[in-house]
Amino acid sequence: MTWRTQSCVPRSHSCERSCRDLTSLLVLIAPLLFSSACAVGPNYKRPAAIVAPAYKEPPPEAFKEAQAAGLQPANPSDAFQKGKWWEIYNDPALNALEEQVNISNQNVLGAEANYREAKALVRASRAGLFPTLTAGPSIAKDHTVSTQGSSSTYSLYNLPLDVSWEPDLWGNIRRGVTAAAANAQASFAALENARLLYQSELASDYFLLHGTDGDIDLLTHTASSYEEYLTLTQHRFAGGVASDLDVAQAESQLYATQSQLIDLGVSRAQLEHAIAILAGKTPVEVAIPPQVLTTPPPAVPIGLPSQLLERRPDIASSERLVHAANEQIGIAMAAFYPTLTLSASAGFESTGFAKWFGLPSRVWSVGPALAETLFEGGKRKAVVAEEQAAYDSTVATYRQTVLTAFQQVEDQLAALRILETEASKVEETVKAADRALVVSRAQYIAGTVNYLTVITAQATLLNAQLTAIELLTRRLTASVSLVQALGGGWNASQMPSQEDVKKGN
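Worth saying up front: this structure is predicted, and the values here are computed from it rather than measured.

### As for the overall build of the protein
A tally of regular secondary structure across the protein gives 12 helices and six strands. Each of the 505 residues in the protein was classed as buried or not, and the buried ones make up 40%. A separation of at least 24 residues holds for 83% of the contacts in the protein among residues at least 6 apart in sequence. On the protein, roughly 26800 Å² of surface is accessible, and the fraction owed to carbon and sulfur atoms is 58%.

Right, dumping it as structure tokens:
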């Protein structure tokens, strides 16, 4: 139903009739407009996830001791609360590198841009709640020829203003806004997860690099010691006490160790380059001085299993995607209901520019359009079933994310416990191997054993010392992985609310 008039002059019968028709129209559609609070489809409820009552692995002994001593200002939980979990390692060089991840890491910056894009999509979705106003001024030449053969040419000046609005009767637009906001929240959590991922990767590479420094330092001292043994065998050979075989074995032992030492330069260089890229720098800009690892990993605040759901940004992101999928079901169900479009146009139309704004040149029209799909071969039912299946898939993904999080925490707790026990046993091995080397060297000088016994003792000691360095490195990287598995001190309270996202905050 559409009304149109060329002019609307007070007390004009045509204008009064049009106004009465418009009033009747508003009375008819008012109930539909006021029913816009209705939203078809399921209301969102956070799906239940499987949460263990307690961790299977007990907390590390260091954490138990920290708990027994009470919370101190330097307790690791302080660093977690500040969001700078890497400070628990008390390494200024590591702290400086970690600060660069937020500033210069290109993957983090890309995730931040994705979040801004998602917020812009929320504002674009909200625009559907408001009317659309368009204007299209035009000037056209019109030439007419009458039946008598006369002709005339005139200009037609148009200034139309069109307004259209689709009331959100069934909540599909509002659900679209909510879904976009949930996606934006998921994007924010993905950004936080990216930060945690690259910060953790940098810390792991940092400890691996210094673990390599430990290997280099050990092999440097070992090569120096082997040079002394080579000198010893050469002197004994010159004195006729030892054979050339002893000299050859000592040389082989020394050269193999030196080759191993040289090869470690490749690993160290690659780790330093990787750290530079994670910090958003070129390799030439980053030079990390050698440093030998000596301190075992610090205590990490474990918390309760139920807190893990609020501490992991990937879990929060997955849950927000479930919310968005739920809204898509409502949007699909709204397609079963009719749509109402209100449109109106007004403006000026005249053959002379001077008469453009005159009262007789005014034109306007207003009218609603109600549309309903009567038959489409079951397409709408199929779309609803599709969205329901997509929702079920996101719920399964969310629950799997939670289970994986618990697995990762348990894995690293087990690793820390087992590696700590192994480290103490390897320490005893190193002491025993060192004593065996001292004894075998004395026996070789006394001539009671051959040089092969010394070489065997040397190899045993070196392998035990390398294992000790490797275990300390693994314990530190396992503690970083545990921090990552626990969310790095992040909390769901840091996520912007739906209202904040909708406002663009």
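There's more to say after this.
### Quick word on the packing of helix α6 (residues 172-238) against helix α11 (residues 451-485)
Where α6 contacts α11, the two axes come as close as 9 Å, and the packing angle between them is 170°. Classified by the interaxial angle, the pair formed by α6 and α11 is roughly antiparallel. The chirality of how α6 crosses α11 is right-handed. The residue inventory of the contact of α6 with α11, partitioned by class, reads 17 nonpolar, 11 polar and one charged.

### Focus: the packing of helix α9 (residues 313-334) against helix α10 (residues 379-446)
Packed helix pairs are characterised by how far apart their axes lie and by the angle those axes make with each other. For the pair α9 and α10, the least separation of the axes is 9 Å and the interaxial angle reads 170°. Taken together, α9 and α10 sit at an angle that is classed as roughly antiparallel. In this structure, α9 uses Asp314, Ile315, Ser318, Glu319, Leu321, Val322, Ala325, Asn326, Gln328, Ile329, Ala332 and Met333 to contact α10, whose residues at the interface are Val383, Val384, Glu387, Gln388, Tyr391, Thr394, Val395, Thr397, Tyr398, Thr401, Val402 and Ala405. For the contact of α9 with α10, the residue count by class is 14 nonpolar, seven polar and three charged.

### Concerning the nonpolar core
Membership of the largest hydrophobic core comes to 53 residues, with the highest contact counts inside it found for Trp85 and Tyr89. For this core, the secondary structure elements donating two or more residues are α4 (92-104), α5 (106-126), α6, α7 (244-278), α8 (308-311), α9, α10 and α11. Residues in contact with Tyr89, not counting those within four places in the same chain, are Leu94, Phe207, Pro298, Leu476, Ser479, Val480 and Val483. Grouped together as the second largest cluster of nonpolar side chains are 28 residues, Leu219, Leu232, Ala242 and Leu254 included.

### Here's the deal with α5
Compared with the 30 Å implied by 1.5 Å per residue over 21 residues, the 31 Å span of α5 between its first and last C-alpha is a close match. Within the sequence span of α5, burial applies to Val108, Ala111, Tyr115, Ala118, Lys119 and Val122. Axial view of α5: buried residues confined to an arc of 95°, hence all on one face. Exposed residues lying more than 90 degrees from the buried face of α5 are Gln106, Glu117, Leu121 and Ala124. Taken together, the buried residues of α5 touch α4, α6 and α12 (498-502). With a side-chain oxygen positioned 3.0 Å from the backbone nitrogen of Asn107, the residue opening α5 is Asn105.

### Observations regarding the side chain of Lys502
Assignment of secondary structure puts Lys502 in helix α12. For the buried residue Lys502, which engages in no salt bridge, the nearest side chain bearing the opposite charge is Glu499, 4.1 Å off. Dropping the residues within four chain positions of it, Lys502 is found in contact with Val122, Arg123, Arg126, Val177, Thr178 and Ala181.

### A few points about the pattern of salt bridges
One pass over the structure, following the stated rule, counts 13 salt bridges. Salt-bridge contacts for Glu57 lead to Arg417; the nearest nitrogen and oxygen are separated by 2.6 Å. Of this pair, Glu57 sits in the loop between α1 (13-34) and α2 (61-69) while Arg417 is found in helix α10, placing the two residues 360 residues apart along the sequence. For Arg417, a relative accessible area of 37% gives the class partly exposed. Across the pair Glu112 and Arg116 runs a salt bridge, and its minimum N-O distance is 3.0 Å. With Glu112 and Arg116 both in helix α5 and four residues apart, the pair spans about one turn of that helix. What emerges from the salt-bridge pattern is a single network uniting Asp213, Arg268 and Glu272.

### Re the packing of aromatic side chains
A complete count under the given rule lists seven aromatic pairs for this structure. Here Tyr206 and Phe207 contribute two aromatic rings whose centre-to-centre distance is 5.8 Å and whose plane-to-plane angle is 75°, an arrangement assigned as edge-to-face. By way of ring pairs, the aromatic residues Tyr89, Tyr206 and Phe207 are connected into one cluster. Against the face of Tyr229 rests Arg441, its NZ or CZ located 5.5 Å from the ring centre.

### Structural notes on the environment of Arg174
Turning to its location among the elements, Arg174 is positioned in helix α6. Exposure remark for Arg174: the relative accessible area of 29% places this residue in the partly exposed category.

### Overview of the environment of Ala52
Tracing the sequence through the fold places Ala52 in the loop between α1 and α2. Exposure remark for Ala52: the relative accessible area of 31% places this residue in the partly exposed category. Note: C-alpha distance between Ala52 and Pro305 (253 residues apart in sequence) is 6.3 Å. Those residues in contact with Ala52 that sit more than four places away from it in its chain are Pro305 and Phe406.

### Focus: unusual backbone geometry
Generally, phi is negative for residues other than glycine and the peptide bonds are trans, each holding for most cases. Of note in this structure, Asn90 is not a glycine but carries a positive phi near 50°. Among the secondary structure elements, Asn90 is positioned in the loop between α3 (76-81) and α4. Judged by its relative accessible area of 67%, Asn90 falls in the exposed class.

### Some points on the environment of Ala346
Along the polypeptide, Ala346 turns up in strand β5 (residues 339-350). Judged by relative accessible area, Ala346 falls into the partly exposed class, the value being 36%.

### Brief notes about α6
Its 67 residues give α6 an end-to-end C-alpha distance of 96 Å, which sits within 8% of 99 Å, the value for a rise of 1.5 Å per residue. Count one or two residues on from α6 and you reach Gly240, which has phi positive near 80°.

### Details of the confidence of the model for the protein
Counting all residues, the mean pLDDT for the protein is 85, and 82% of those residues have values of 70 or more. Every residue in residues 1-15 is under pLDDT 50, and counting partners more than four places away or in other chains gives 30 contacts. Contacts for the low-pLDDT stretch residues 70-74, under 50 throughout, to residues beyond four places or in other chains number four contacts.

How each quantity is defined
- Residues numbered from 1 in each chain as written.
- Predicted model: local features only at pLDDT ≥ 70, side-chain atom pairs only at ≥ 80, totals over all residues.
- Heavy atoms only, no water.
- Helix = DSSP H or I, 4+ residues; strand = E, 2+ residues; numbered from the N terminus.
- Buried < 20%, exposed > 50% of the residue type's maximum accessible area, 1.4 Å probe, protein only.
- Contact = heavy atoms within 4.5 Å.
- Areas by Shrake-Rupley, 256 points an atom, 1.4 Å probe, with all protein chains shown as cover.
- Axes fitted to C-alpha atoms, helices over the stretch in contact; angles between N-to-C directions.
- Parallel < 35°, antiparallel > 145°, perpendicular 65-115°, else oblique.
- Left-handed = near helix turned anticlockwise from the far one by under 90°.
- Nonpolar A, V, L, I, M, F, W, Y, C, P; charged D, E, K, R; others polar.
- Core = buried A, V, L, I, M, F, W, Y, C linked by side-chain atoms within 4.5 Å.
- Expected span 1.5 Å × (residues − 1).
- Arc of directions from axis to C-beta.
- Polar contact = N/O pair within 3.5 Å; in protein donor to acceptor, adjacent residues only side chain to side chain.
- Lys, Arg positive; Asp, Glu negative; His and termini not counted.
- Salt bridge = Lys/Arg side-chain N within 4 Å of Asp/Glu carboxyl O.
- Phe/Tyr/Trp six-rings, centres within 6.5 Å; stacked < 30°, edge-to-face > 60°.
- Lys NZ or Arg CZ within 6 Å of the ring centre and 35° of its normal.
- pLDDT = per-residue confidence, 0-100.

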